[in-house]
Structure formats: structure tokens, C-alpha cells
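Results of the structural survey
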Amino acid sequence: MTEPTPVTGVGGADAYARLAEMGLTLPQVVPPLAAYVPAVQSGSYVYVSGQLPLVDGKLPYTGKVGAEVSPEQAVESARICGLNALAAIDALVGLGQLVKIVKVTGFVASAPGFTGQPAVINGASDLFGEVLGELGRHARSAVGVSELPLGAPVEVEVIAEVA
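Here goes a summary of the coordinates provided. (Residues numbered from 1 in each chain as written. Predicted model: local features only at pLDDT ≥ 70, side-chain atom pairs only at ≥ 80, totals over all residues. Heavy atoms only, no water.)

1. Quick notes on the side chain of Q117
Inspection of the secondary structure puts Q117 in helix α3 (residues 117-132). At 3.1 Å, the side chain of Q117 and the backbone oxygen of F114 are in polar contact. (Helix = DSSP H or I, 4+ residues; strand = E, 2+ residues; numbered from the N terminus. Polar contact = N/O pair within 3.5 Å; in protein donor to acceptor, adjacent residues only side chain to side chain.)

2. Some points on the layout of surface pockets
As a volume, the largest pocket reaches approximately 250 Å³. Lining of the largest pocket is provided by 15 residues; of these, P27, L54, V55, D56 and N84 occupy positions nearest its centre. Residues belonging to the lining of the largest pocket are distributed by class as follows: 10 nonpolar, 4 polar and 1 charged. (1 Å grid on protein atoms, 1.4 Å probe; cavity = no way out; pocket = protein on both sides within 12 Å on 5 of 7 lines; lining within 4 Å. Points joined across faces, edges and corners; volume = space filled by probe spheres on them. Nonpolar A, V, L, I, M, F, W, Y, C, P; charged D, E, K, R; others polar.)

3. Some remarks on the environment of S70
Mapped onto the elements, S70 comes out in the loop between β2 (45-51) and α2 (71-92). With 50 residues separating them along the chain, S70 and V120 place their C-alpha atoms 9.9 Å apart.

4. What to know about the packing of α2 against α3
Close contact between α2 and α3 brings their axes to 7 Å; oriented N to C, the two are set at 45 degrees. Accordingly, the angle class assigned to the pair α2 and α3 is oblique. Helix-helix and strand crossings are classified by hand; for α2 and α3 the assignment is right-handed. Contacts from A74, V75, A78, R79, G82, L83, A85 and L86 of α2 reach α3 at A119, V120, I121, G123, A124, L127, F128, E130, V131 and L132. Tallied by class, the residues present in the contact of α2 with α3 amount to 14 nonpolar, 2 polar and 2 charged. (Axes fitted to C-alpha atoms, helices over the stretch in contact; angles between N-to-C directions. Parallel < 35°, antiparallel > 145°, perpendicular 65-115°, else oblique. Left-handed = near helix turned anticlockwise from the far one by under 90°. Contact = heavy atoms within 4.5 Å.)

In C-alpha cells, the structure reads:
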């Protein structure tokens, strides 16, 4: 078995260049809201703590998806969570060390009867695919929950393999 080699992006361009092409920049790492760190490395894996869709310290939307938050706003929120997760990975080891996004778990604060959690978490999954290509394809869970911290509509956690 050969060791995986870090691939830095899509089609020869590195992840940073791909982000720039998409008009995106990695935000500052979201500071923890409690007693934890944004990401931790153990062996060849980085475990990213649940990321809220915070932009400059604020949530663009609050409430439950299917009530106060539209599915489209929730997809946008999941995309922001994904970008925040990439920022946490970058701050810890650098995106150039990324071998693969292995697992994504998405939590959606859901109004009664809302069953579109997988479509909401596609916001993060699609971002990883757009930025990282095949490296961004991952296993995933999308779970409906009653509440999330700060009233956030979405939270995303990530496990990534690194070199």
C-alpha cells in the first residue's frame, strides 16, 4: 500500500487558488464558544469541532429551518460552516497538507415536519467538492435537531485526513 500524497487542489491549482477563483477567502478561525479547540490533529486526521455559520462573529440567520429560516438560507449557512471548517484545518496544518475530507456531520435546527436536512448540508458538501475536487468527496450524516448554539440554523463538523 502506498502512502497518500497531499494534493493541493483541483486540476493542478491549489486550494487557495481555487478559493480565490471562486471569490472566497478563508475567514479568521471562529473562536471557541466554550471549553474546546477549533480543531485537533491526532495521527493523520484532523477533527474539526462543530462550526456555526458565523461571519465576522455574527450569525446571518437564526432560528429553525422550515420556520424562521428558509431552506435556501440554510444551504447558504451550511456553506459558511464549510468555509469556517476549511479555515480551522488551514490554521492547524495548512490546506496543502489535506489528503481527503473523510466525514462530514451536519446538524440542522429543524421546524416540526421539516425533512430536508440532506439538501441543507449539501451547502457544505458542495463547497468541499468545488474547492477540493475529488479530495472533497466524503461520507456524511445530516441530522435534524431541536436547537443549536446561539440559535444557529446549521452546524457542521468535519474529519479530514492530512499528510
